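# What the coordinates show
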Amino acid sequence: MPAALGQDGDVQSQWARVRARLRSEFGDAAYRSWLRNMSLQGIEDGRAIISVPTRFLRDWVAAHYADRIRSLWNNENADVTSIDVIVMGTATASVDMAELPPQPMREPASAVVAAEAPDEKDASAPLDPRFTFDNFVVGKPNELAHAAARRVAEAQANNQAVPFNPLFLYGGVGLGKTHLMNSIAWHIRTYAPKKKVIYLSAEKFMYQFIRALRFKDTMAFKEQFRSVDVLMIDDVQFISGKDTTQEEFFHTFNALVDQNRQIIISADKSPTDLEGMEERMRSRLGWGLVADIHPTTYELRLGILQAAAERRQIQVPLKVLEFLAHRITSNVRELEGALTRIYAHTQLVGREITLESSQEVLHDLLRANDRRVTIDEIQKRVAEHYNIRLADMHSARRARAVARPRQVAMYLCKQLTPRSLPEIGRKFGGRDHTTVMHAVKKIEELRASDHVMAEDIELLKRMIET
Ligand code: ADP
Ligand code: MG
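Because the structure is predicted, anything quoted here is derived from the model rather than measured.

Turning our attention to the overall build of the chain. Scanning the chain for helices and strands turns up 20 helices and eight strands. Relative to its full complement of 466 residues, the chain shows a buried share of 48%. Residue pairs in contact within the chain that sit at least 24 positions apart in sequence constitute 72% of those at least 6 positions apart.

Another aspect to go through is the packing of helix H11 (residues 298–311) against helix H12 (residues 318–327). For any two helices packed against each other, one specifies the crossing angle of their axes together with the interaxial distance. Where H11 contacts H12, the two axes come as close as 9 Å, and the packing angle between them is 135°. Judged on the interaxial angle alone, H12 and H11 are oblique. Crossing of H11 against H12: the hand is right-handed. When H11 is examined against H12, the residues Tyr298, Arg301, Leu302, Leu305 and Gln306 are found in contact with a partner set consisting of Leu318, Leu321, Glu322, Leu324, Ala325 and His326. Taken together, the residues of the contact of H11 with H12 break down into seven nonpolar, two polar and two charged.

Turning our attention to the pattern of salt bridges. Tallied over the entire structure, the rule returns 19 salt bridges. Residues Glu248 and Arg226 are paired through a salt bridge, measuring 3.5 Å at the closest nitrogen-oxygen approach. Of this pair, Glu248 sits in helix H9 (residues 243–258) while Arg226 sits in helix H8 (residues 218–226); the two residues are 22 residues apart in sequence, bridging distant segments of the chain. Overlapping salt bridges, with partners in common, bring together Arg21, Glu25 and Arg68 in one network.

With that out of the way, let us pick up the site of ligand 1. Contacts to ligand 1 come from 17 residues, most closely from Val137, Gly174, Lys177, Thr178 and His179. One nitrogen or oxygen atom from the main chain of Gly174 is found 2.6 Å from an oxygen atom belonging to ligand 1. Gly176 has a polar backbone atom sitting 3.1 Å from an oxygen atom of ligand 1. In the complex, 93% of the free accessible area of ligand 1, which totals 560 Å², lies under the protein chains. Elements represented by at least two residues in the shell around ligand 1 include exactly helix H6 (177–191) and helix H13 (332–349).

Another point: the packing of aromatic side chains. With the rule as written, the count across this model stands at eight aromatic pairs. An angle of 80° between the planes, with centres 5.6 Å apart, marks the rings of Phe205 and Phe249 as edge-to-face. Of the two residues, Phe205 is situated in helix H7 (residues 202–214) and Phe249 in helix H9; the sequence distance between them amounts to 44 residues. Their ring planes at 65° and their centres at 6.0 Å tell us that Phe249 and Phe253 sit as a pair that is edge-to-face. In this pair, Phe249 and Phe253 are both assigned in helix H9, four residues apart and thus about one turn of the helix distant. Each member of the pair, Phe249 together with Phe253, is buried. For the cation-ring pair, Arg150 lies above Phe133, with the distance from its terminal atom to the ring centre recorded as 4.5 Å.

With respect to topology, three strands assemble into an open sheet ordered E1-E2-E3, the strand pairing being mixed. Here the strands that pair on one side only, and so sit at the sheet edges, are strand E1 (39–44) and strand E3 (82–87). Direction aside, neighbouring strands of the sheet carry axes that sit 25° apart on average. Across the sheet, helix H3 (residues 66–76) is in contact with E1, strand E2 (47–52) and E3; its angle to E3 comes to roughly 130°.

Counting residues in each nonpolar core, the largest one holds 55 residues, and the members touching the most others are Ile184, Met232, Ile233, Val236, Phe249, Ile264 and Ile265. In terms of residues, this core owes the most to one element, H6, which gives six residues. Once you skip the residues sitting within four places of it in the chain, Ile264 turns out to touch Val152, Leu167, Leu169, Met181, Ile184, Val230, Leu231, Met232 and Ile233.

Before going further, it helps to examine the pairing of E1. Direction of pairing for E1 relative to E2: antiparallel, over a ladder of five bridges. For Ile43, the partnering residue across the bridge sits in E2 and is Ala48. Connecting E1 to the next strand, E2, in antiparallel fashion are two residues, including Asp45 with a positive phi near 45°.

What follows covers the sheet that holds strand E7 (residues 262–267). A sheet is described by the order of its strands in space; here five strands give the open sequence E5-E6-E7-E4-E8, paired in parallel fashion. Each edge of the open sheet carries a strand with a single partner, namely strand E5 (197–201) and strand E8 (289–293). Taken over all neighbouring pairs, the strand axes of this sheet differ in orientation by 15° on average, direction set aside. As paired strands, strand E4 (residues 167–171) and E7 are joined by four bridges and run parallel to one another. Within E7, the position partnered with Phe168 by the bridge is Ile265.

Conventions we followed
- Residues numbered from 1 in each chain as written.
- Chains lettered and ligands numbered in written order.
- Predicted model: local features only at pLDDT ≥ 70, side-chain atom pairs only at ≥ 80, totals over all residues.
- Heavy atoms only, no water.
- Helix = DSSP H or I, 4+ residues; strand = E, 2+ residues; numbered from the N terminus.
- Buried < 20%, exposed > 50% of the residue type's maximum accessible area, 1.4 Å probe, protein only.
- Contact = heavy atoms within 4.5 Å.
- Axes fitted to C-alpha atoms, helices over the stretch in contact; angles between N-to-C directions.
- Parallel < 35°, antiparallel > 145°, perpendicular 65-115°, else oblique.
- Left-handed = near helix turned anticlockwise from the far one by under 90°.
- Nonpolar A, V, L, I, M, F, W, Y, C, P; charged D, E, K, R; others polar.
- Salt bridge = Lys/Arg side-chain N within 4 Å of Asp/Glu carboxyl O.
- Near = heavy atom within 4 Å.
- Polar contact = N/O pair within 3.5 Å; in protein donor to acceptor, adjacent residues only side chain to side chain.
- Areas by Shrake-Rupley, 256 points an atom, 1.4 Å probe, with all protein chains shown as cover.
- Phe/Tyr/Trp six-rings, centres within 6.5 Å; stacked < 30°, edge-to-face > 60°.
- Lys NZ or Arg CZ within 6 Å of the ring centre and 35° of its normal.
- Pairing = 2+ DSSP bridges.
- Core = buried A, V, L, I, M, F, W, Y, C linked by side-chain atoms within 4.5 Å.

Remember that the coordinates give geometry; whether it matters functionally is a separate question.
Structure (structure tokens):
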């Protein structure tokens, strides 16, 4: 039995943090399917030994998550430089990250750099080898952020002047901020390896700063940050309300800008919306180029899925990809997680990927992504479609011109919302549930006999659901 377990309670709490990070990075679904089954056996000679119950799981975890687990471990505990994934009881596939073949990509140097454990003195966080420009799919929502990131990276690689300072990227969770920042770092490391690039989260910046304060080592801390060519701070909203850290960051920031060093910042909000940030900080953050990343569009999601399937060499019917792009709108991480799950499932049961099997495998994820359609929304859409007043949805008027659309709206409420007949009746000017029932029956009949009605319903459904 490997040492460390039981002797060092710290190891277990580090492991708990690694797991929590994995969960937030890969999502609950992937966590439940793959990662929850891991247990830590101990740490031996810098290797974290992790067991899983089956060979399949071992191969899967080793191929898809080992790299990330290693780097998270290394963040928690610098002594851990590699991990072993074993099937419970029997030691097998040793995953020394340095020996893993690099992932297929066109920036080969990056994989090698990533495989090395980060230098103790290096303030930079390890980069994710998947997060390169090559793997970033560009679409309308992210084209400005992408172009700006490329510009900054190329200026560094070609020794040109800093184009804008800082570059401030902002947008919601999972829209590619970290991916773009890592891409910049990889690009510079590949084409201008002598440049000193630091990439780290604001959280880690704070942690290092506090440690420097505690060990009365702030000179070295300042030195290390102020001698860089490029400083990237991810998720800067984290230091909102943390005054001392903000102060230090502000000085570092100013010193670097004065020396024309490139700074790149990401946050979940625009500089002006960052609450808990000092006014002078907010205004400085907005001095350069502020680029926001908008929520994904259907086209971008489809593009990302196609690229991901290709990269992993998974054959997925276009219909399935379209379905996923349509239905999983929350964030990109979940999209990729869905693909992973579908693939894993087909591997397990040895059947082809179909639309039906995908829906089955993903039912929980799909439910979470279901857009909640409301009765109000349906009434509004239907009134617009038939060109009647919204008030007529509630009114007592019985003229066919308003009564029929009202029935259509009731029918759609029954179909598209979980509301009961009495609830629906109440929302239609306090009508009785039997009126709603009658409407539903009537429209069902008309749908079957009247093709104009059938088309209207299809059209409305599509408009309401997307
Ligand atoms: P953020 O930092 O904005 O929360 P990340 O950069 O961590 O988001 O992205 C979440 C996941 O989605 C990552 O796996 C990333 O590779 C992927 N991703 C996001 N946007 C894109 C894109 N445009 N092309 C390819 N992958 C993307
Ligand atoms: Mg991020």
